[in-house]
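# Observations on the three-dimensional arrangement
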Amino acid sequence: MPDFQTLLIYIIPLLFAITLHEAAHGWIASKLGDHTARMMGRVTLDPTKHIDPIGTIAIPLVLLISSSGFIFGWAKPVPINFNALRNGKNGMIWVALAGPVANIVMAVCWLFVMIIAINMNIAVLIEMGRIGILVNCVLAVFNLLPIPPLDGSRVISALLPNRLAYQYNQLEQYGLYILLGLMFLGGFNYLVRPWVELILGWFNYALIVLG
């Protein structure tokens, strides 16, 4: 069972990662003409507005306690009215990609936190920076999976003809079950881990060069 400090080292980066991810979706949607998320108070860095009991708390906690070596989660989806977006399907793609891009940007921020912490020899911040990079890279890759309602599926849907997009989007009602099945069957080891390890390799190289 992890101690309180270990929980904080994991939970703080995870909350920031999920919050920024969802706020980025709403912010880009607002810039492109859909103000639904802004009117509902979801374009905010307040994590309480985005917390999902299962995806933000239960799943990450179970993964952490079980020492799975793999942690991820999700928040309440930001409400988006795609019909209100300018540029139609192109707008949908930009909104979908905003979350994963925000996670990569935050991973870069944690990289600089880690560099400063190494130079100041602050062990807790070094570990938190490492976890921050890991969590954000995992969330970015995980959310790009083409499984509705993840962000990757929104990009695929926008690229498909309307009829095929409609049929594809019907998978959303089974999306959570598909994701949980992949998690417990080890599917993420093949779909997510290789890409995460590739991106982490770039961050490790940056840490050596900049550190």
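Residues numbered from 1 in each chain as written. Predicted model: local features only at pLDDT ≥ 70, side-chain atom pairs only at ≥ 80, totals over all residues. Heavy atoms only, no water.

## Some words on the overall build of the chain
Stated precisely, the cut-off is as follows: Secondary structure follows DSSP: runs of H or I at least 4 residues long count as helices, runs of E at least 2 residues long count as strands, and numbering of each begins at the N terminus. Note on exposure labels: buried denotes an accessible area under 20% of the residue type's maximum, exposed denotes more than 50%, and partly exposed covers the range between, all computed with a 1.4 Å probe on protein chains only. Between two residues, a contact is recorded if the distance between any of their heavy atoms is within 4.5 Å. Accessibility throughout is a Shrake-Rupley quantity obtained with a 1.4 Å probe, and a residue counts as covered only by protein chains that appear here. Within this scheme the basic residues Lys and Arg register as positive and the acidic residues Asp and Glu register as negative, but His and the chain ends are omitted. Just so you know, the charge point we use is NZ for Lys, CZ for Arg, CG for Asp and CD for Glu.
Helix and strand counts for the chain come out as 10 helices and zero strands. Mapped in sequence order, the helices and strands of the chain form the string α-α-α-α-α-α-α-α-α-α. Across its three principal axes, the chain shows a C-alpha extent of roughly 55 × 35 × 30 Å. Burial statistics for the chain: of 211 residues in total, 44% are counted as buried. Look at the contacts in the chain between residues 6 or more apart in sequence, and 71% of them connect residues 24 or more apart. Taken as a whole, the chain presents about 11300 Å² of accessible surface, with 69% of it coming from carbon and sulfur. Charge-centre separation for the chain: the mean point of 11 positive side chains lies 10 Å from the mean point of 9 negative side chains.

## Re the pattern of salt bridges
Rule in force here: The salt bridge criterion pairs a side-chain nitrogen of Lys or Arg with a carboxyl oxygen of Asp or Glu, the two atoms within 4 Å.
Throughout the structure, instances matching the rule amount to two salt bridges. In this structure, the salt-bridge partner of glutamate 127 is arginine 130, at a minimum N-O distance of 2.6 Å. Of this pair, glutamate 127 and arginine 130 are both found in helix 5 (residues 123-143), three residues apart, which corresponds to roughly one turn of the helix. Glutamate 172 is the salt-bridge partner of arginine 154, the closest N and O atoms lying 3.3 Å from each other. Remark: glutamate 172 occurs in the loop between helix 7 (162-169) and helix 8 (175-185) and arginine 154 occurs in helix 6 (residues 151-159); sequence separation between them is 18 residues.

## A word on helix 10 (residues 193-210)
Selection criterion: Here the expected length of a helix is defined as 1.5 Å per residue gap, with one fewer gap than residues. Directions from the helix axis toward the C-beta atoms define the arc.
Across its 18 residues, helix 10 extends 25 Å between first and last C-alpha, which sits within 8% of the 26 Å expected from 1.5 Å per residue. All of the buried residues in helix 10 are Val196, Ile199, Phe203, Ala206 and Leu207. The buried residues of helix 10 all sit within an arc of 105 degrees when viewed along its axis, so they share a single face. Within helix 10, the exposed residues directed more than 90 degrees away from the buried face are Tyr205, Ile208 and Val209. Looking at the buried positions of helix 10, the neighbouring elements they touch are helix 4 (89-120) and helix 5.

## Quick look at unusual backbone geometry
Here proline 148 and proline 149 are connected by a cis peptide whose omega angle stands at 10 degrees. Its place among the elements puts proline 149 in the loop between helix 5 and helix 6. Of note in the backbone geometry, asparagine 87 takes a positive phi value of approximately 70 degrees without being a glycine. Take asparagine 87: it is sitting in the loop between helix 3 (53-65) and helix 4. Using a relative accessible area of 59% as the deciding quantity, one classes asparagine 87 as exposed. Phi angles above zero are rare outside glycine, and asparagine 121 is one such case at about 55 degrees. Within the fold, asparagine 121 resides in the loop between helix 4 and helix 5.

## Considering the packing of aromatic side chains
This is how it is decided: Any two rings among Phe, Tyr and Trp, with Trp reduced to its six-membered ring, count as a pair given centres within 6.5 Å; such a pair is stacked if its planes are under 30 degrees apart, edge-to-face if over 60, and tilted if neither.
By the definition in use, this model includes one aromatic pair. Ring plane angle 85 degrees and centroid distance 5.6 Å describe the contact between phenylalanine 142 and phenylalanine 188, whose orientation is recorded as edge-to-face. Residue phenylalanine 142 is located in helix 5, and its partner phenylalanine 188 is located in helix 9 (residues 188-191); the two are separated by 46 residues in the primary sequence. Across the pair, exposure class does not vary: phenylalanine 142 and phenylalanine 188 are buried alike.

## A short note on the side chain of asparagine 143
Within the secondary structure layout, asparagine 143 lies in helix 5. Contact partners of asparagine 143, with chain neighbours within four places excluded, come to His21, Pro100, Leu150, Asp151 and Gly152.

## Considerations on the layout of surface pockets
Test applied: Think of a 1 Å grid over the protein atoms and nothing else: a 1.4 Å probe that fits but is trapped marks a cavity, an open set flanked by protein within 12 Å on at least five of seven lines marks a pocket, and residues with an atom within 4 Å of a point count as lining. Grid points are joined across faces, edges and corners, and a volume is the space filled by probe spheres set on the points. In this classification, Asp, Glu, Lys and Arg are treated as charged, Ala, Val, Leu, Ile, Met, Phe, Trp, Tyr, Cys and Pro as nonpolar, and every other residue, Gly included, as polar.
For the largest pocket, the calculated volume is near 560 Å³. Lining the largest pocket are 27 residues, with Glu22, Ala75, Pro77, Pro149 and Leu150 positioned closest to its centre. Counting only elements with at least two residues in the lining of the largest pocket, the list comes to helix 1 (4-31), helix 4, helix 5, helix 6 and helix 8. At four residues, helix 1 tops the list of elements feeding residues into the lining of the largest pocket. Residue classes in the lining of the largest pocket are distributed as 15 nonpolar, six polar and six charged.

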